[in-house]
Amino acid sequence: MTVLLGGARDSGVVAWRNLVTIRRNPDLLLGAVVSPIIFVLVFAFVFGGSLGGDGYRHFLVAGIFVQTVAFNSAFTTLGLSNDLTKGMIDRFRSLPMSRLAVILGRTTSDLVVTSVTLVIMTGTGLLIGWRISSSPLSAALGYLLLLFFAFAMSWIGAWIGLLCRSVEVAQSAGLIWLFPVSFVASVFVSAQTLPGPLRAFAEWNPISAVANVTRALFGNPVQPPGVPPATGWPAQHAALYAVLASLAIIAVFMPLALARYRRVASH
């Protein structure tokens, strides 16, 4: 118990240090905030008219929420890579602190950043006409699912960040894999509209499951206007699949990130 409390305390200190860094350099938040807003405005008003108008906007916003929390894992990648290249990992190693604290502190602070991003995204959605049509409890569960998925994705970002030997490489590696994973999903369009293998990938993509569950919890359309309902196990059990997929990501990438941290911290 003492070890767990000590680890939690150390993680809190590291998380606070990361948040203070952001407070002193607020431009670090620009990427987490500006890009999602641009996605909302472009797809809602440039493409939205041909994709269903107001109905499409109600479908779109929750999907972009999921894409945004997934993309925020790149900040975990950059943060850890930056600490590694600047020698902060070596300094942490010399302190009497839990090895888990460095990574858990980073994922925790990035979860706070994601929470701020979701608040701003919610305001943007409301401005373009999006509404939450469910109960406050359902809406709260929707936001909690988004944060849980963000926490899971941040462990992928942590592992990638510790693999990269420079911030420049981390910047590319943290984002390049997210584009196909987030676009071949039910974020902007339904998986039902995709051909063959892409459709199968999108149906089993955890991002699709989280997006569909979030839409349902917000009381938004799960499918775009005029598109038939999705079929298959992931669609029929989207809530269960979203939670299991998030747990599986944590179960796989938390040990990988910790093992990689032990390796780089021992050099």
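These figures come from a predicted structure and were not determined experimentally. (Residues numbered from 1 in each chain as written. Predicted model: local features only at pLDDT ≥ 70, side-chain atom pairs only at ≥ 80, totals over all residues. Heavy atoms only, no water.)

Draft legend 1. Examining the confidence of the model for the protein chain more closely. Within the protein chain, residue pLDDT values average 83, and 88% of them lie at 70 or more. Put simply, helix α1 (residues 2-24) is where the protein chain has its lowest mean pLDDT, 68, and helix α7 (residues 136-163) is where it has its highest, 95. (pLDDT = per-residue confidence, 0-100. Helix = DSSP H or I, 4+ residues; strand = E, 2+ residues; numbered from the N terminus.)

Draft legend 2. Representation of the pattern of salt bridges in the model. If you walk through the whole model with that rule in mind, you get 2 salt bridges. A salt bridge links Arg 106 to Asp 110; the nearest nitrogen and oxygen atoms lie 3.9 Å apart. Here Arg 106 pairs with Asp 110, and both are found in helix α6 (residues 99-127), just 4 residues apart, close to one helical turn. Salt-bridge contacts for Arg 199 lead to Glu 203; the nearest nitrogen and oxygen are separated by 3.1 Å. Of the two residues, Arg 199 and Glu 203 are both situated in helix α10 (residues 196-204); the distance of 4 residues between them amounts to about one turn of the helix. According to the relative accessible area criterion, Arg 199 is partly exposed, its value standing at 28%. Residue Glu 203 is classed as partly exposed on the basis of its relative accessible area, which comes to 21%. (Salt bridge = Lys/Arg side-chain N within 4 Å of Asp/Glu carboxyl O. Buried < 20%, exposed > 50% of the residue type's maximum accessible area, 1.4 Å probe, protein only.)

Draft legend 3. Looking closely at helix α4 (residues 73-85). End to end, α4 covers 19 Å across 13 residues, agreeing with the expected 18 Å (1.5 Å per residue, within 8%). Where α4 is concerned, the buried positions are Ser 73, Ala 74, Thr 76, Thr 77, Gly 79, Leu 80, Ser 81 and Asp 83. Just downstream of α4 lies Gly 87, where phi reads positive at about 85 degrees. (Expected span 1.5 Å × (residues − 1).)

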